[in-house]
Amino acid sequence: MSAASTAESADFRGPLDITRAATVVLDAESTVIGWSPAASELLGYGPSDALGRPLTTFLSVRPAGGTLPAEASGAAGPGPGPPSLVGNEIHVARTRDGRELLVATATCPLPGAAGASGPGTPDRILVAAEVEALLHWESRIALLQGLATQSPVGLAIYDTDLRLSWSNTAYEREMGQPLAAFRGKRAEELYGAGSFVTPGYPHTLAGVMRQVLDTGEPVLDLHFRGQPPSDPGRDHLWSCAYYRLEDAHGHALGVCEDAFDITDRYRVQERLTLLVEAGRRIGTVLDVATTAEEIADVAVPDFAATVRVDVTRAAVTGETAAVGSPADMTLLRVAERSAPGSGTPDPGLPASGPTETGRTDPGPAGSGPTATVRGPGGPDGTSSPGGPRQPYPPVDYPPGSPQNRSLSSGGLVLDEGTLVVPLRTGGGILGLVTFDRGEGLDTSGRTPGPDRATTFDNGEVALADELAARAAVCIDNARRYTRERTASLALQRQLLPHHLPPQSAVEAAYRYLPADDVTGVGGDWFDVIPLSGTRVGLVVGDVVGHGLQAAATMGRLRTSVRAFAQLDMAPDELLTRLDDLVGQPAEDRSDACGGAVETYDVTTGATCLYAVYDPVSRRCVMARAGHLPPAIVGPGGEVSFPDLPAGPPLGLGGLPFESMEIDLPVGSLLALFTDGLVEARDHDIGRGLDTLGQVLGDRSASLEELCDRAVSELVPGGTSADDTALLLVRTRALGADRVADWELTAEPVSVGRARELATGQLEAWGLEELAFATQLVVSELVTNAVRYAGGPLGLRLIRDRTLVCEVADTGHTSPHLRHSAADDEGGRGLFIVAQLVQRWGTRYTPTGKTIWTEQALPPAGAG
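Every chain's residues receive numbers from 1 upward, in the order its sequence appears when written. In view of the model being predicted, local features appear only for residues whose pLDDT reaches at least 70, and side-chain atom pairs are presented and counted only at 80 or more, with totals across whole chains, interfaces and linings using the full set of residues. The basis for the side-chain values is all heavy atoms of the structure; hydrogens and waters are excluded.

Section: the packing of helix 20 (residues 771-788) against helix 21 (residues 829-836)
Spelled out, the test is: Axes here refer to lines fitted to C-alpha atoms; in helices the fit is confined to the stretch in contact. Angles between the N-to-C directions go from 0 to 180 degrees. Where helices and strands are cited, they refer to DSSP runs of H or I of at least four residues and of E of at least two residues respectively, numbered from the N terminus. Helix crossings fall into two classes, left-handed where the near helix is turned counterclockwise from the far one by less than a right angle and right-handed where it is turned clockwise. When checking whether two residues touch, look at their non-hydrogen atoms; a contact exists if any pair is within 4.5 Å. Nonpolar residues are Ala, Val, Leu, Ile, Met, Phe, Trp, Tyr, Cys and Pro. Charged residues are Asp, Glu, Lys and Arg, and all others, Gly as well, are polar.
Two elements in contact, helix 20 and helix 21, have axes separated by 10 Å at closest approach and are oriented at 145 degrees. For helix 20 against helix 21, the interelement crossing comes out left-handed. Between helix 20, through Ala773, Leu776, Val777 and Glu780, and helix 21, the contact on the second element is made entirely by Gly829, Leu830, Val833 and Leu836. Each residue belonging to the contact of helix 20 with helix 21 can be placed in one class, and the counts come to 6 nonpolar, 1 polar and 1 charged.

Some words on the pattern of salt bridges
Any two side chains of opposite charge can pair, given that their charged atoms come close. As a reminder, the rule being used: Any Lys or Arg side-chain nitrogen found within 4 Å of a carboxyl oxygen on Asp or Glu counts as a salt bridge. Summary of the burial criterion: residues with accessible area below 20% of their type's maximum are buried, those above 50% are exposed, and those between are partly exposed, where the area comes from a 1.4 Å probe applied to protein chains only.
Under the criterion given, the structure shown has 31 salt bridges. The salt bridge partner of Arg333 is Asp310, with a shortest N-O separation of 2.4 Å. Linking Arg333 in strand 14 (residues 331-338) with Asp310 in strand 13 (residues 306-312), this pair joins segments that are 23 residues apart in sequence. For Arg333, a relative accessible area of 1% puts it in the buried group. Judged by its relative accessible area of 0%, Asp310 falls in the buried class. For Arg738, the salt bridge identified is with Asp800, shortest N-O distance 2.8 Å. Placement of Arg738 in the loop between strand 30 (724-731) and strand 31 (739-744) and of Asp800 in the loop between strand 32 (793-799) and strand 33 (802-809) is noted, with a sequence separation of 62 residues between them. Its relative accessible area of 9% is what places Asp800 among the buried residues.

A closer look at the nonpolar core
Across soluble globular proteins, nonpolar side chains show a tendency to be buried alongside one another. Under the convention used in this document: What we call a nonpolar core is a set of buried Ala, Val, Leu, Ile, Met, Phe, Trp, Tyr and Cys residues that are connected through their side-chain atoms within 4.5 Å.
Grouped together as the largest cluster of nonpolar side chains are 49 residues, with contacts concentrated most on Trp525, Phe526, Leu538, Leu574, Leu650, Leu670 and Leu727. If sequence neighbours within four positions are ignored, Trp525 has contacts with Leu496, Val539, Val540, Gly541, Asp542, Val543, Met554, Leu557, Arg558, Val561, Thr607 and Cys608. Counting residues in hydrophobic clusters, the runner-up holds 41 residues, among them Val300, Val316, Leu423 and Ala478.

Some thoughts on the sheet that holds strand 7 (residues 154-159)
Where we set the bar: Being paired, for any two strands, means DSSP has found at least two bridges between them.
The strand order 8-7-12-11-10-9 describes an open sheet built from 6 strands, whose pairing is antiparallel. Taken across any chain shown, the strands that pair with only one partner, and hence form the sheet edges, are strand 8 (164-167) and strand 9 (195-196). The sheet contacts of helix 8 (residues 205-215) involve strand 7, strand 9, strand 10 (219-226), strand 11 (236-246) and strand 12 (252-261), and relative to strand 11 the element is tilted by about 25 degrees.

So, empty space enclosed by the protein
Here is the rule: Here the term cavity refers to a set of points on a 1 Å grid, laid over the protein atoms alone, in which a 1.4 Å probe fits but cannot get out; the term pocket refers to an open set having protein on both sides within 12 Å along at least five of seven lines, with lining residues being those that place an atom within 4 Å of a point. Grid points are joined across faces, edges and corners, and a volume is the space filled by probe spheres set on the points.
Tallied over the entire structure, the rule returns 3 cavities of 30 Å³ or more. Of the voids in this model, the largest cavity is the one considered here, and its volume is about 80 Å³. Forming the walls of the largest cavity are 13 residues, and the residues nearest its centre are Val24, Leu43, Leu59, Leu126 and Ala128. Contributions of two or more residues to the lining of the largest cavity are made by strand 1 (22-26), helix 2 (37-43) and strand 6 (124-130). Of the residues that constitute the lining of the largest cavity, the class distribution is 13 nonpolar, no polar and no charged. Quantified by volume, the second largest cavity comes out at close to 60 Å³. Looking at the lining of the second largest cavity, the elements with two or more residues in it are helix 5 (169-175), strand 11 and strand 12. When residues of the lining of the second largest cavity are assigned to their parent elements, the largest contribution, 3 residues, is made by strand 11. Its residues assigned to classes, the lining of the second largest cavity comprises 8 nonpolar, no polar and 2 charged.

Focus on the packing of aromatic side chains
Which entries qualify depends on this criterion: In this analysis, rings of Phe, Tyr and Trp, with Trp reduced to its six-membered ring, are considered paired at centre separations within 6.5 Å, and the interplanar angle assigns stacked below 30 degrees, edge-to-face beyond 60, and tilted for intermediate values. We count a charge as sitting over a ring when the NZ of a lysine or the CZ of an arginine lies within 6 Å of the ring centre and within 35 degrees of the ring normal.
Per the counting criterion, the structure on display carries 11 aromatic pairs. Between Tyr45 and Phe58, the ring centres sit 5.0 Å apart and the planes meet at 70 degrees, which makes this aromatic pair edge-to-face. With Tyr45 in the loop between helix 2 and helix 3 (47-50) and Phe58 in the loop between helix 3 and strand 3 (59-60), this pair connects stretches of sequence that are 13 residues apart. The residues Tyr45 and Phe58 share a single accessibility class, namely buried. Relative to Tyr242, the ring of Phe196 lies with its centre 6.1 Å away and its plane at 75 degrees, an arrangement referred to as edge-to-face. Of this pair, Phe196 sits in strand 9 while Tyr242 sits in strand 11; the two residues are 46 residues apart in sequence, bridging distant segments of the chain. Within the aromatic cluster, the residues linked to one another by ring pairs are Tyr191, Phe196, Phe224, Trp238 and Tyr242. One residue, Arg437, lies across the ring of Phe303, its end atom 5.4 Å from the ring centre. Of note, Arg437 hangs over the ring of Phe456, and the distance from its end group to the ring centre comes to 4.1 Å.

Brief notes about the sheet that holds strand 26 (residues 639-640)
Ordered in space as 20-30-29-25-26, the 5 strands form an open sheet in which the pairing is antiparallel. Each edge of the sheet is formed by a strand with only one pairing partner; in this case those strands are strand 20 (506-513) and strand 26. The sheet contact formed by strand 20 and strand 30 spans 8 bridges and is antiparallel. Considered in strand 30, the bridge of Ala509 is made with Leu728. Its contacts with the sheet place helix 17 (residues 685-696) against strand 25 (631-633), strand 26, strand 29 (669-673) and strand 30, and it is angled at close to 145 degrees to strand 29.

Let's talk about helix 20
Applied cut-off: The span expected for a helix works out to 1.5 Å for each residue beyond the first.
Here helix 20 spans 25 Å end to end across 18 residues, near enough to the 26 Å set by a 1.5 Å rise per residue. Those residues of helix 20 not exposed but buried are Ala771, Ala773, Thr774, Val777, Val778, Ser779, Glu780, Leu781, Val782, Ala785 and Val786.

Here's the deal with a nonpolar patch on the surface
We apply this condition: Patches here: salt-bridge-free residues with over 30% relative accessible area, like charges joined within 9 Å, nonpolar side chains (Val, Leu, Ile, Met, Phe, Trp, Tyr) joined within 5 Å. Reported accessibility uses the Shrake-Rupley method at a 1.4 Å probe radius. Residues are deemed covered only where the shown protein chains occlude them.
A cluster of nonpolar side chains, contributed by Ile141, Leu143, Leu144 and Leu147, occupies part of the molecular surface with about 310 Å² of accessible area. Within the secondary structure, Leu144 sits in helix 4 (residues 131-149). For Leu144, a relative accessible area of 40% puts it in the partly exposed group.

Here we look at the environment of His812
Of note, His812 is situated in the loop between strand 33 and helix 21. Distance from His812 to Thr850, taken between C-alpha atoms, is 9.3 Å for residues 38 residues apart in sequence. In this structure His812 touches Tyr844, Thr845, Thr847, Gly848 and Lys849, once residues within four positions along its chain are discounted.

Things to note about unusual backbone geometry
With omega at 5 degrees, the peptide bond leading from Val300 into Pro301 counts as cis. In this structure, Pro301 sits in the loop between helix 10 (288-299) and strand 13. Backbone geometry places Ser30, a non-glycine residue, at a positive phi of 60 degrees. Residue position: Ser30 is located in the loop between strand 1 and strand 2 (32-35). The backbone of Leu162 shows a phi angle near 60 degrees, a positive value even though the residue is not glycine. Inspection of the secondary structure puts Leu162 in the loop between strand 7 and strand 8.

Digging into helix 4
Note on helix geometry: an α-helix contains 3.6 residues per turn, so any two residues three or four positions apart are oriented the same way. Taking 1.5 Å of rise per residue, 19 residues should cover 27 Å, and helix 4 covers 27 Å from first to last C-alpha, within 8% of that figure. By the burial criterion, the buried members of helix 4 are Val131, Leu134, Arg140, Gly146 and Ala148.

Some details on the packing of helix 13 (residues 458-495) against helix 14 (residues 548-566)
Counted only if it meets this: Throughout this description, any angle smaller than 35 degrees is read as roughly parallel, any larger than 145 degrees as roughly antiparallel, any in the 65 to 115 degree range as roughly perpendicular, and the remainder as oblique.
In contact at an axis separation of 8 Å, helix 13 and helix 14 are set at 15 degrees when each is read in the N-to-C sense. With respect to their mutual orientation, helix 13 and helix 14 come out roughly parallel. Helix 13 and helix 14 meet at a crossing whose hand is left-handed. Residues Glu484, Ala487, Ser488, Leu491, Gln492 and Leu495 of helix 13 pack against Leu548, Ala551, Ala552, Met554, Gly555 and Arg558 of helix 14. For the contact of helix 13 with helix 14, the residue count by class is 7 nonpolar, 3 polar and 2 charged.

Describing the pairing of strand 13
Consecutive residues of a regular strand have side chains that alternate between opposite faces of the sheet. Most of strand 13 is tucked away: 7 of the 7 residues are buried. Side chains of strand 13 alternate between two faces, with Thr306, Arg308, Asp310 and Thr312 and Val307, Val309 and Val311 buried alike. Two elements, strand 13 and strand 14, share 7 bridges in a ladder whose sense is antiparallel. Each bridged residue has a counterpart across the sheet, and for Thr312 the counterpart in strand 14 is Leu331. Inspection of the sheet shows strand 13 paired to strand 19 (residues 428-436) by 6 bridges, in the antiparallel sense. If you follow Thr306 over to strand 19, its bridge partner there is Asp436.

Some points on the pairing of strand 7
Sheet topology note: the strand 7/strand 12 ladder contains 6 bridges and is antiparallel. When the sheet's bridge partners are listed, Tyr158 is paired in strand 12 with Val255. Across 3 bridges, strand 7 lies against strand 8 in antiparallel orientation. By the bridge assignment, Ile157 is partnered in strand 8 with Trp166. Adjacent in sequence and paired antiparallel, strand 7 and strand 8 are bridged by 4 residues, among which Leu162 carries a positive phi angle near 60 degrees.

It is worth stressing that arrangement in space is one thing and function is another; only the former is reported here.
Set out below in C-alpha cells:
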C-alpha cells in the first residue's frame, strides 16, 4: 500500500465534510455566488465559469435518461432512501466534459440570511460528494461502530503510561462493569494474577506493551492465561495482539490490545491432545497392570486430580471377562495415581485415608503425581492376613456409591466431581475407572484451588468414556495374552521333561528358557529317551512360531519321537517317519469333531536332531532335519561340530535323511541345542557357535556349571526373542565285566548251550535268583531263532539297572505275541516270556534283528 493510500485510509473525515466536499454558496434565488476548489475538481468548472450561474446549470433532479440509478431511486428528495444516505438529497451532476455523476448533497442555511435575501446575498451553503465515496465512508464508520459495540474481540487502548483509556463493549463484558469503572487503571490491576504462556516474550502485560511501545513492532497471537473479573473461579486463555497507536505526525499515543477468548477451543485441543497421548502411551505392553497404570498416568493431573483403576480378578489372571451379574464380581485395585496435594477418601477401601491403598505420601508441591507401589504378590494380587500388603488389594464399594451404581447399571455415573466409567468389552465388564476432580478437602485438609474445575462437562464425560474404551480394549488384549501365555507355559511344562532319570549310558544336564513376554511361548523341546540294550536316545527340536499352537505342536512332535524311538528305529528312519507324519495333507489332520485345520500350520518347517548312543560299543549314530549340528568335545577338550548331513526341515519333503556314526571315547561331551542359544539380534550364528565352543572346552567344570556359563554368555538377559534349549551329555561306557556275549550256530544243540552259558554268567554275577526265568527266556528265543531264522546266532547278557538278555539272528521277521487256544500245540512260548520279563521287543539291524528282554534285578543286587 502506498503512503498516499495509507493516509487516505486513515482520514475519517466524511465526504460531505466542508473541508473536503465540493462546496457551493447560493443566494436566495439559487444562484452560485461561491465556488470551492473541491467543486472545481469534482465538476471541472472553474470559479469564473460557475459564479453567477443558476445551480440547475450543474445539478438536475433527473439524469439524461430520465431515471435515477437503483441505489438512489428512493432518495431523490428528503424522503427515505438507502440507510446510509438518509437525510441527503441525490442529484445528477453534469461535468464540464459532459459526464453525469450521481452526487449526494446537503444544504445548510447561513445565520442571518433570512433578513437580507436579495440577489447576491449569501443565503445557504450546499456541499456535494459522489454517492460512491459517501457509501464507502459510511461502511468504514459502520466498521468502527461494530468493533466498538458488536465485535466479540475485546479491544482496549492503553496510553503511554499503560493506563486504560478506552475499551469496547466486549472488553466491558469481560470486566463485568462499565468502562467508567475501570478507566485509568493499569493492566496489572485488571489481570494481576495472569501471565503470558507463549515462550520468547515477557510474561507480564506491562512487559509486552512496553516492548511494543518502545520498538513499534506489533506482536500477534500471544497466549495469556488468567482469570477475568467476570469469572473469577476459572482460568481463561486469550489470544492477544498488540500494536502501537500513532498520531498524524508519528508520535506514539499508546498501545491497542486485541484479545479473543480461546478457552473453549484450547480445551477442545487439550482433549484431542490427551486422546493422542492416550493412543501413544496406553497399551504399550500386553500386561493388565501396566495398562491400568498407563491410563492413570495419562489422566493425572491434566484431566483429573485422582484416578483409580479397579480390574476384575478374572482379567488379572487372564480368565474370561465376567458376563453375569456385575455386582458379584471381585475387583482388585490395580492402579491409582493422584496429583500432589489432591485426593479424596476411597469408598472401595473402608477405613483408609486418601493416601493409603499402597501409595506414597504426596511429598512437596511439584514433586509429581503419586502412584501405587507394586510389590511381590500372588498371581491374583491378593494379600494374606497378617502378611505384607500386596499390590492388588480387593475393593468393595458400598451400596449407593458411584462405583456400585456403575457396576449395577453397566454404564458411566457422574456424581459431582467423581466420574466412574466401566471398562466394557464384548458384553462383559473388566473393571472400573474412577476419575476424581478432588471436590471437597484435599489430602492436607484444604479446599481445592479456585482454578481447578470440580465437575465434568459433557465434552469431558465423552473424553473419559473414550479413554476407558481404549483402555478396555488394551486390557482385554492383555487378558487374552495372559490367558494364552499361561496355558502355553502350562502345556509346555507338562510336555517337557520335569527331570532326567539317571542313565548308565550318559550323564546329562539341561537348560530351557522360554521366549520373552513380547514374543511369547515358543516350541523348542528336548528329551532323553532310554532305549533297549542300555542305549539312550537324545533329541532336540524347534517348532516354527510362538504361542499355544506352537506349544501344542511341540507336544505332538515330542510324543511322536518317543513313540518311534521305542520301536528302536535308526535316526534316519525315525526322521523319515516323522517327516511323513508332518507332511500329511491338511484334510488328513482335521480335528476330531470334523472341523477344518487352521490355515497356518506351525508343524511344517520344524527342525529336529536325533542321536542314539550305545555305551557298549561307544558309538553314536545321529541324523538331523534342518537343525544345527551338535557340538562334540573330546576327552582332551578339543571342540568340533561334525559335518552331519543336513536333511530338510520336517514336512517339506525332498532329500532323504542320512545318518552319521561317530566314535565317542569315554568322557566325551555332546551338546545339543536350538538356534535360540547361539543366534541373537546382536550377533550371528557363527559367533554364537564360537562362544559356545569356548565355554564347553573347560573340562574341569561340571555339566551344571557348563549349562549356567553357556546361558550367561549367550543369553545374558535370561530371555530372548526365541526359546532356548540346551542339552549336555557326557558319555560313559559299560565295563567288560558287565557285558557277556557269545556266538552260536543255528542248530538245536545251541539251545542247551545257550542255557548253560547264561546260567554260568548269572552265577558269576551273583544273580542266581534270575537263573530259572532267564533259562526259559533264552530257551524260547534261541529256539525261535533256530527254527524260523538262520545263523549265526548271537547271545548277549548285560547287567545294568536291569538284566538285559538279547538274541540276535539273521532273520527279518519279528515274532508276535498271541493267545493260544486250548487245543493249540504251540504259540505259548513268547507269551510265557512276556510274563516273566518287564519289557521285551525287537530291534532291527543291518544284518537281521535282535529280540531283547529286560528283567528287574533282585533287591540285593540292585545298582
